[in-house]
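Structure assessment
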Amino acid sequence: MHGSPPLTPEIVLRAYAEGIFPMAERRGDTELFWVSPERRGIIPLDAFHIPKRLKRTVRSDRFSVTTDLSFVDVMMGCAAPAPDRDESWINAEILRLYTALHASGYAHSVETRLDGKLVGGLYGVALGAAFFGESMFSRETDASKVALVHLVARLKAGGFELLDTQFLTAHLARFGTIEIPRDDYLSRLRKAIARPAFWSAPVYWSAPSGSSTAPSLSVESGDLTLTGARDATAGAAWPGALVLQKIAQTS
């Protein structure tokens, strides 16, 4: 992109809709380049796998989980060096663009905290019924994994159809991530972005099992008489048991 006009969030969104995303070689670089992998990593939402030990951690609510409260802090956590990663591709330009996408409602974060301290999380971009996972970080065992489980529950609740991981890694493979050819990915992408989905969709519990302040963790009966709704807006945290239930209902 050397010599080109500065990228705008709108250009980035159009690129995502075409199956392309921006990256930098390393954090200190000033330039970006476009990426469109020949084989794309995705997590099929109806086949998301949670290892047994991680289920116990999610159910224990050891971490408090929020959304969109610390977007920039999550990006900075993803950009920081880690034991398994000396260098990051998240540079100042990526930070600028995705902060703007967050401000306009397209980019979101899931945060995990331990004793009030941010210890993990992830961020990505939502477009139609597609969510493009960008990066995650962890400073405590399972912190980013718990964020991923909460993300999948939220995507299912909001009617999302495609969870794009960009690449397939050994870490992501344990959750059911697969690789598909670019043409297959683009076909799924076109269908997903043409359909509505809701990051902040209300989560309902059927009568008489739930209320807005103390939702039941039992499976919804299908009764359309709703006694309450808890808005899954910024900062709302779902109990781990409910998160696992939401994933299991459609898996």
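The present account deals with the structure reproduced in this document. (Residues numbered from 1 in each chain as written. Predicted model: local features only at pLDDT ≥ 70, side-chain atom pairs only at ≥ 80, totals over all residues. Heavy atoms only, no water.)

Describing unusual backbone geometry
Threshold: A run of DSSP states H or I qualifies as a helix once it reaches four residues; a run of E qualifies as a strand once it reaches two. Both are numbered from the N-terminal end.
Positioned with a positive phi, aspartate 68 is a non-glycine residue whose angle comes to about 60°. Residue position: aspartate 68 is located in the loop between strand 4 (64–67) and helix 3 (71–79). The backbone of aspartate 142 shows a phi angle near 75°, a positive value even though the residue is not glycine. Of note, aspartate 142 is situated in the loop between strand 7 (130–138) and helix 5 (143–157).

With respect to the pattern of salt bridges
The criterion, for reference: In the sections that follow, a salt bridge refers to a side-chain nitrogen of Lys or Arg positioned within 4 Å of a carboxyl oxygen of Asp or Glu. Whether a residue is buried, partly exposed or exposed follows from its accessible area with a 1.4 Å probe, protein chains only, as a fraction of its type maximum: under 20%, in between, or over 50%, in that order.
By the definition in use, this model includes nine salt bridges. One salt bridge in this structure joins arginine 113 and glutamate 111, with 4.0 Å as the shortest N-O distance. Neither arginine 113 nor glutamate 111 differs from the other in exposure class; each is buried. Here glutamate 161 and arginine 195 are joined by a salt bridge, their closest N and O atoms 3.0 Å apart. Of the two residues, glutamate 161 sits in the loop between helix 5 and strand 8 (162–166) while arginine 195 sits in the loop between helix 7 (182–193) and strand 10 (203–206), which places them 34 residues apart along the sequence. For glutamate 161, a relative accessible area of 40% gives the class partly exposed. Assessed through its relative accessible area of 41%, arginine 195 is described here as partly exposed. A cluster of three or more residues bridged by salt bridges with shared partners is formed by Arg53, Asp142 and Lys145.

Observations concerning the packing of aromatic side chains
Heads up, the condition is: Between rings of Phe, Tyr and Trp, where Trp is taken as its six-membered ring, a pair exists when centres lie within 6.5 Å; planes separated by under 30 degrees are stacked, by over 60 edge-to-face, and by other angles tilted.
Counted under the stated rule, the structure contains six aromatic pairs. With 5.9 Å between their ring centres and 10° between their planes, phenylalanine 48 and phenylalanine 175 make a pair best called stacked. Here phenylalanine 48 is found in the loop between strand 3 (39–42) and helix 2 (52–60), whereas its partner phenylalanine 175 is found in the loop between helix 6 (170–173) and strand 9 (178–181), with 127 residues between them in sequence. Of the two residues, phenylalanine 48 and phenylalanine 175, neither departs from the other in class, the shared state being buried. Residues phenylalanine 131 and tryptophan 199 carry aromatic rings whose centres are separated by 5.6 Å and whose planes lie at 15° to one another, so their mutual orientation is stacked. Here the residue phenylalanine 131 occupies a position in strand 7, and tryptophan 199 occupies one in the loop between helix 7 and strand 10, the gap between them amounting to 68 residues. Pair check on accessibility: phenylalanine 131 and tryptophan 199 agree, each one buried.

Re the side chain of glutamate 111
To keep things clear, this is the line we draw: Whenever a nitrogen or oxygen atom comes within 3.5 Å of another N or O atom, the pair is scored as a polar contact, on the condition that within protein one atom can donate a hydrogen and the other can accept it, and that pairs from neighbouring residues in sequence are kept only if both atoms are in side chains. Residues are treated as being in contact if the distance between any of their heavy atoms lies within 4.5 Å.
Within the element layout of this structure, glutamate 111 appears in strand 5 (residues 107–114). Polar side-chain contacts of glutamate 111 include one of 3.1 Å to the backbone nitrogen of aspartate 68. A distance of 3.0 Å separates a polar side-chain atom of glutamate 111 from the backbone nitrogen of serine 70. Among all residues touching glutamate 111, those that are not within four sequence positions of it are Ser64, Val65, Thr66, Thr67, Asp68, Leu69, Ser70, Phe71, Val74, Leu118, Gly120 and Gly121.

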